[in-house]
Every structure is written in C-alpha cells, then in structure tokens.
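Below are the chains, spelled out letter by letter.
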Amino acid sequence: RLASSGICILRMIAYCLRILYHPWRLMLTINGRFLTQRMTGVQRYAHEMLRALDDILAARAAGSAIKVDLLVPQEAPESLPSLRAIGIRRVGRLHGHPWEQLELPRFSQGVLLNWCNTFPVALPRQMVVLHDASVHACPEGYTMAFRAYYRGLFAVAARRAAMKIATDSQFSAAELHRFAGIPC
C-alpha cells in the first residue's frame, strides 16, 4: 500500500482513476489546504506535485476524460498558482483542520488527493502522502495536541483499506509500518 517518490504517486493517481472507471468517478480533487500554510518541505513537495500533475494533464488536455479540481479554503492567498489544466475552487467558510475535516469532504468529488500528511477522516476513497513517522520517532519535537492529532490520523490510515497511502522513501515506509502499523 505504500509507494515512494513523486512518480509513484502520479502512477497511483492513474491506478485509482482506472479502478474507479465510472463517469461520476473520473474526477480527482486535490486538498489545497497546503496553500494556506507557511512553506516547509512538505508544502514545497505539494507545490511541486501540483505543478507536475498540471503539466501532465495540460499535455493530455485534448480528449482527456479526467476532471481535476484544487479545492482551497477562502483564506488562501489571492495569488494562487497559475494552472492550465487544474481548476481552482475556493470553498467553505472554515479554515485549517476544521475546513479539512468538515467542509472539504462536502465539496470533494471523485478521489481526494492529500499531499501533506493530513486528510479528512470521513472520506473512505482518497490518497494520502504520509511523509514520515516523526511524531512517533521524535515526539519531543511536537506539542501534545499535534502528536495526538497525527497519531489519530495515522491510526485511521492504517485501518482504512480503501485509502491509498504513499510516502517519500523506503525508510519512511518502514518507519510508518514500525510506529503506526501502516502496511508496507
């Protein structure tokens, strides 16, 4: 269930769209909450994946049956990335985790793609990139609330068979398995 590197994630997207080949499911929604956060390695990864996916979709735009939308909270900056093949929609009224947990599922269509460790627990069919298990391996670097939230999300990911999970490296895959029980 765990894949590593950006290419594997793009392959995973294609796989999920193939196995869900129904007209109403030929849609991919991207969790754009990362656009409201300060830039760290995780957010940079999401920005790069967004651009790569947009380039792939733009190259195949003619005759493409895949609709991809990037959903962002209202609080997202006015200057959003310029995308050629991915639509951008501002949705909801909340922000942060409440937006992601309560409003994003309501507006999401098809498969939801989450590039930054967190995801709405209410949606069964989605893909998530878990970058590492550092909340388990180095808990002293995080607040108790942050650790509890991430550990809860990881526990959901470990139990949910319909969820596709990816990570950045074999090391991270082994750590996620060791600490959180996420199958490799």
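All values reported here derive from a predicted model rather than from experimental measurement.

**Q** Is there a simple way to explain the packing of aromatic side chains in this structure?
**A** Two numbers describe a pair of aromatic rings. These are the distance of the centres and the angle of the planes. One pass over the structure, following the stated rule, counts five aromatic pairs. Taken together, a centroid distance of 6.3 Å and an interplanar angle of 65° make the contact between Tyr149 and Tyr150 edge-to-face. By the ring-pair criterion, three or more aromatic residues cluster together here, those being Tyr142, Phe146, Tyr149, Tyr150 and Phe154.

**Q** It is not clear to me how the environment of Ala76 should be interpreted in this structure. Could you clarify?
**A** As for its placement among the helices and strands, Ala76 is situated in the loop between β3 (67–73) and β4 (87–91). Expressed as a C-alpha distance, the spacing of Ala76 and Thr36, which sit 40 residues apart in the sequence, is 5.0 Å. Beyond its immediate chain neighbours, meaning those up to four positions away, Ala76 contacts Thr36 and Arg90.

**Q** Hey, could you run me through the pairing of strand β6 (residues 126–129) in this one?
**A** Along any regular strand, the residues point their side chains to alternate faces of the sheet. Burial of β6 is two-sided: the residues Gln126 and Val128 facing one way and the residues Met127 and Val129 facing the other way are all buried. Strand direction decides the pairing type here: strand β5 (residues 111–114) and β6, joined by three bridges, are parallel. Residue pairing for β6: Leu113 is matched across the bridge by Met127. Two strands pair when backbone bridges link them, and β6 and strand β7 (residues 164–167) are joined in this way by three bridges, in the parallel orientation. Residue pairing across strands places Met127 opposite Lys164, the latter belonging to β7.

**Q** How should I be thinking about the environment of Ala166 in this particular structure?
**A** Positionally, Ala166 belongs in strand β7. Judged by relative accessible area, Ala166 falls into the buried class, the value being 0%.

**Q** I would appreciate a short explanation of the environment of Gly32 in the present structure.
**A** Here Gly32 is to be found in the loop between β2 (27–31) and α2 (41–59). By relative accessible area, Gly32 is classed as buried at 0%. For Gly32, the residues in contact, after removing those within four places along its chain, are Leu70, Leu71, Val72 and Pro73.

**Q** Looking at this model, I keep getting lost on the layout of surface pockets. Mind explaining?
**A** The probe, sized like a water molecule, is rolled over the atoms to show the empty space still left. Counted as a void, the largest pocket has a volume near 370 Å³. Forming the walls of the largest pocket are 16 residues, and the residues nearest its centre are Thr40, Val42, Gln43, Phe146 and Tyr150. Where the lining of the largest pocket is concerned, the elements lending two or more residues are α2, α4 (134–137) and α5 (144–159). The element contributing the most residues to the lining of the largest pocket is α5, with three residues. Tallied by class, residues from the lining of the largest pocket come to seven nonpolar, six polar and three charged.

Cut-offs and rules
- Residues numbered from 1 in each chain as written.
- Predicted model: local features only at pLDDT ≥ 70, side-chain atom pairs only at ≥ 80, totals over all residues.
- Heavy atoms only, no water.
- Phe/Tyr/Trp six-rings, centres within 6.5 Å; stacked < 30°, edge-to-face > 60°.
- Helix = DSSP H or I, 4+ residues; strand = E, 2+ residues; numbered from the N terminus.
- Contact = heavy atoms within 4.5 Å.
- Buried < 20%, exposed > 50% of the residue type's maximum accessible area, 1.4 Å probe, protein only.
- Pairing = 2+ DSSP bridges.
- 1 Å grid on protein atoms, 1.4 Å probe; cavity = no way out; pocket = protein on both sides within 12 Å on 5 of 7 lines; lining within 4 Å.
- Points joined across faces, edges and corners; volume = space filled by probe spheres on them.
- Nonpolar A, V, L, I, M, F, W, Y, C, P; charged D, E, K, R; others polar.

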